[in-house]
Structures are given as structure tokens and as C-alpha cells.
Amino acid sequence: MSVPEISVVLPCFNELPNLPELRRRLVSVLEATGRTFEILFVDDGSRDGSFEAMAEFAARDPRLRALRLSRNFGHQMALTAGVDRARGRLVAVMDADLQDPPELLAEMLAKSDEGYEVVYAQRTAREGESAFKRATAHLFYRLMRRWTNVDIPVDTGDFRLLGPRAVAAFRSLRERHRFIRGMTAWVGFRQGAVTYVRPARLHGETKYPLRKMVRFALDALTSFSHVPLQLGTWLGFAVSSFAFLYIAIVVVLKVLGINERGWTTLMGWILLLGGVQLMLIGVLGEYLGRIYDEVKGRPLYLVSDEVGGDPDVAGEPR
Ligand code: UDP
Ligand code: MG
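What follows is about the overall build of the chain. Along its length, the chain carries 10 helices and 8 strands. Taken over the C-alpha atoms alone, the chain extends approximately 90 × 40 × 35 Å along its principal axes. Contacts spanning at least 24 positions in sequence make up 82% of the contacts within the chain whose residues lie at least 6 apart. Accessible surface, the chain: about 16,300 Å² in total, of which carbon and sulfur atoms supply 62%.

In C-alpha cells, the structure reads:
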């Protein structure tokens, strides 16, 4: 067997109940395309036996591979590990909970044949997710669009099909705080979309609680925008201009001798300015912490086990 035509990368964190159906549907979709393929499961430190299940799939079918990270590194890292190790000429990435329907791959492959280097799946609706999640996601994608200098498509997850040049470009991006849907937009080339209705998770609960979602949104914003850093400059100008005016008024009042009250105003201003200053120091901290993480230069993830795949296939980049 030579290098497969397409690799499908699946980051999994405690997805055991979804794995059998995922494997079945993926294999049948990929076989129907008539192309050679590999399916690469990446276990992101699951504790429910997901890895044992994938390893068993891999032992029975050389087209299936299983990779285990040494602990939970997070979705974006697991996905990166998978793309790094994928052997296929094209690489598809998708969620393991069947919210990204494997059947859409056929349409995405057709689009890639038309010469699109990056094909992303854009959802026209989402099923089975809370109004809160839908509303925050809606707002988030639109804010990102305004505040960043890359053209990040709205309403897309990480469901993507990457061509060889996009894969090579993606592998060269080694930043630590990764917002992958932004990174795949950043690489450029011809980008195209296919649309779908995002179904609910098959089994289990979301692995992105609010805390992780906020982290993720901050990573996205700081990776692609300096707007929060510039906030201080603009606020500083605004407050200073106002201060000059106010000082003039205060001096005049003093000269006229009508200047005794004012404790309330004073407290108000002290609290307001103190708050704004602390908030802006926090913004600096967000960037500074990320710079610190980058300069440490640690590996993005560590692999503990790897099972399956045809040992004769070359082309594994790292
Ligand atoms: N995931 C992962 N590591 C994590 C969290 C999630 O590999 O730390 C995987 C998860 O198994 C799934 C995908 O990332 O395949 C997307 O996660 P999830 O479906 O929970 O996110 P949601 O669809 O709710 O945004
Ligand atoms: Mg999901």
C-alpha cells in the first residue's frame, strides 16, 4: 500500500460510546469514494477505555490507526497531533461525536477536486444545543470577524478538508495557543465551503464546558487580534481629554470659591479609573502569559502510544 489518498483525523476525549458507529459510518463513506484512506484516531487522554477500543480497530484493519497522547492536551492539540502524523495526501479533520457527519466528506472531496485547497463545512443550523451556546457562538464569530485581520469564516467548527499545500503550511505553524479554524483561514490558498445542518451529539456530553469555551475564545482573540491591547490607548486618550476639561472646570470653581462638595464624584472616579486600569493590566497579562508560554518552547503534545497503520507506508513527517 502506498501513501493513502486521504487521512481522516479524529480527536477523541472520552468518546467510547460513539466510536463503533463513527468507525462504521466513516469506513462505509470512504469505501464508497473509491479512494485509498486511513482513519487516525487520536486519544486525548481519555479515561473511559477509548484508546483500547481504537487500538482494537487498528489491530483488525490496517487502514485504521490509533494514537494516544500522554495526557489530556485539549482538542486543538489532539487535532494538531493527528494532522502532524497523518500520512494521506489530503487530510480531513472532524469531531468524534458524529456532530460532523461523515457523509459530508464525499461532497467535500468533490469540492477539493475542483481545486479548493481548504474546504470547510459551514453549518446553517445546529440541533440539540442550548440557546446560550448558540447565541454566544453567533456573537463570537461575528466579533472575531470585526476584530481580526484574517477572514475567519463564520459558523464553522474544525470540520475541514485540507489539501497538500494547506497541510504543509499548517504543520509549519507551531504556535502554542491554537485557534485552528483561524489558522486554516490564515494559510490562504483557495478556500471553499459546503453547508450542512449540525446534528446533536450522538452520545455523551459536550467536552467544552463554559470555562474551556472562554479560554478558547480568549486564545482566538489574542492569536489573531491586537485590538484588546489597543483598548488602553483609546481609553487613555478619551479619559485624558475629559480630564483636561474637568480640571479647567475644577480650577474655575475653586477660584470662584464654590468648591467644597464632591466626595461622591471623587470616589466614583477613583473606582472607575482603578477598575479600568486593572482591567487593562489584565489584558496585558493575557498577552504576556501567552508570550511566556511561547518562549518556553515546550513541545505541543507528547505521544505515549501508537498502534496500527501499514508499517511500509512512508511519508510521516515528524
Ligand atoms: N476533544 C478532545 N479533547 C478535549 C475536549 C474535546 O479531543 O479536551 C474532542 C472531543 O472528543 C470531540 C471534539 O473534540 O471529538 C469536540 O468536542 P465536543 O464535541 O465536546 O465539543 P462541542 O461539539 O460541544 O463544541
Ligand atoms: Mg461536539
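The structure having been displayed, the exposition proceeds.
Another aspect to go through is the pattern of salt bridges. Two side chains that carry opposite charge are able to pair once their charged atoms sit near each other. Under the definition given, this model contains 27 salt bridges. Across the salt bridge formed by D151 and R145, the nearest N and O atoms sit 3.3 Å from each other. On the accessibility criterion, D151 (58% relative accessible area) is exposed. In this structure, the salt-bridge partner of R215 is E286, at a minimum N-O distance of 3.8 Å. With R215 in helix α8 (residues 210–224) and E286 in helix α10 (residues 263–296), the pair connects residues that are 71 residues apart, well separated along the chain. Looking at R215, the relative accessible area reads 41%, which means it is partly exposed.

Bringing the pairing of strand β5 (residues 118–126) into the picture now. Most of β5 sits inside the fold, with 7 of its 9 residues counted as buried. Sheet topology places β5 next to strand β6 (residues 156–162); 4 bridges connect them, and they run antiparallel. Within the sheet, the bridge partner assigned to Q122 lies in β6 and is T156. Judged from the 8 bridges that link them, β5 and strand β7 (residues 191–198) form a sheet pairing that is parallel. What sits directly across from R126, in β7, is R198.

This part takes up the coordination of the magnesium ion (ligand 2). Each pair of donors in an ideal octahedron of six around a metal sits at 90 or 180 degrees, and each pair in an ideal tetrahedron of four sits at 109.5 degrees. Within the protein, the magnesium ion (ligand 2) binds to D97 (OD) and Q99 (OE1); these donor distances fall in the range 1.9 Å. The buried category is assigned to D97, whose relative accessible area is 4%.

Attention now moves to the nonpolar core. Core analysis: the biggest nonpolar cluster contains 39 residues, and V9, V42, L69, V83, V91, M144 and F179 have the highest contact counts within it. Secondary-structure elements contributing two or more residues to this core are β2 (37–43), β3 (64–69), α3 (75–85), β4 (90–93), α5 (131–147), α6 (164–172), α7 (180–186) and α8. The greatest single-element share of this core, amounting to 5 residues, is contributed by α3. Core analysis: the second largest hydrophobic core is formed by 36 residues, L10, L64, A96 and F159 among them.

The next point concerns the site of ligand 1. Taken together, 19 residues sit near ligand 1, with E15, D44, D97, T206 and K207 positioned nearest. Take K212: an N or O atom from its side chain is 3.4 Å from an oxygen atom of ligand 1. Partitioning the shell around ligand 1 into residue classes produces 5 nonpolar, 5 polar and 9 charged.

Glancing now at helix α4 (residues 104–113). Considered for burial, the residues of α4 that qualify are L104, L105, M108, L109, K111 and S112. What you see down the axis of α4 is that its buried residues fit within an arc of 160°, all on one side. Contacts made by the buried residues of α4 are with β1 (6–12), α1 (19–33), β4, β5, β6 and β7. Once α4 ends, the next one or two residues include G115, with phi positive near 110°.

Next up on the list: the environment of A96. Mapped onto the elements of the fold, A96 is located in the loop between β4 and α4. A residue is classified by how much of its surface remains accessible, and A96, at 2% relative accessible area, is buried. For A96 and L202, which are 106 residues apart along the polypeptide, the C-alpha to C-alpha distance reads 9.5 Å. If sequence neighbours within four positions are ignored, A96 has contacts with P11, C12, E15, N18 and L22.

Below, the discussion takes up the packing of α1 against helix α2 (residues 50–60). At their nearest, the axes of α1 and α2 sit 11 Å apart, and the two run at 30° to each other. Here α1 is positioned roughly parallel relative to α2, judged by the angle of their axes. Viewed along their axes, α1 and α2 form a crossing whose handedness is right-handed. Touching L19, P20 and R23 of α1 are S50, A53, M54 and F57, all from α2. Residue composition of the contact of α1 with α2, grouped by class: 5 nonpolar, 1 polar and 1 charged.

Let us now look at the pairing of β4. Burial along β4 is two-sided: the residues L90 and A92 and V91 and V93 are all buried. Here β1 runs beside β4; their pairing, made up of 4 bridges, is parallel. Paired with V9 across the two strands is V93, which belongs to β4.

Parameters and conventions
Residues numbered from 1 in each chain as written. Chains lettered and ligands numbered in written order. Predicted model: local features only at pLDDT ≥ 70, side-chain atom pairs only at ≥ 80, totals over all residues. Heavy atoms only, no water. Helix = DSSP H or I, 4+ residues; strand = E, 2+ residues; numbered from the N terminus. Contact = heavy atoms within 4.5 Å. Areas by Shrake-Rupley, 256 points an atom, 1.4 Å probe, with all protein chains shown as cover. Salt bridge = Lys/Arg side-chain N within 4 Å of Asp/Glu carboxyl O. Buried < 20%, exposed > 50% of the residue type's maximum accessible area, 1.4 Å probe, protein only. Pairing = 2+ DSSP bridges. Donors = N, O, S within 2.8 Å, 3.2 Å for Na, K, Ca; no water. Core = buried A, V, L, I, M, F, W, Y, C linked by side-chain atoms within 4.5 Å. Near = heavy atom within 4 Å. Polar contact = N/O pair within 3.5 Å; in protein donor to acceptor, adjacent residues only side chain to side chain. Nonpolar A, V, L, I, M, F, W, Y, C, P; charged D, E, K, R; others polar. Arc of directions from axis to C-beta. Axes fitted to C-alpha atoms, helices over the stretch in contact; angles between N-to-C directions. Parallel < 35°, antiparallel > 145°, perpendicular 65-115°, else oblique. Left-handed = near helix turned anticlockwise from the far one by under 90°.

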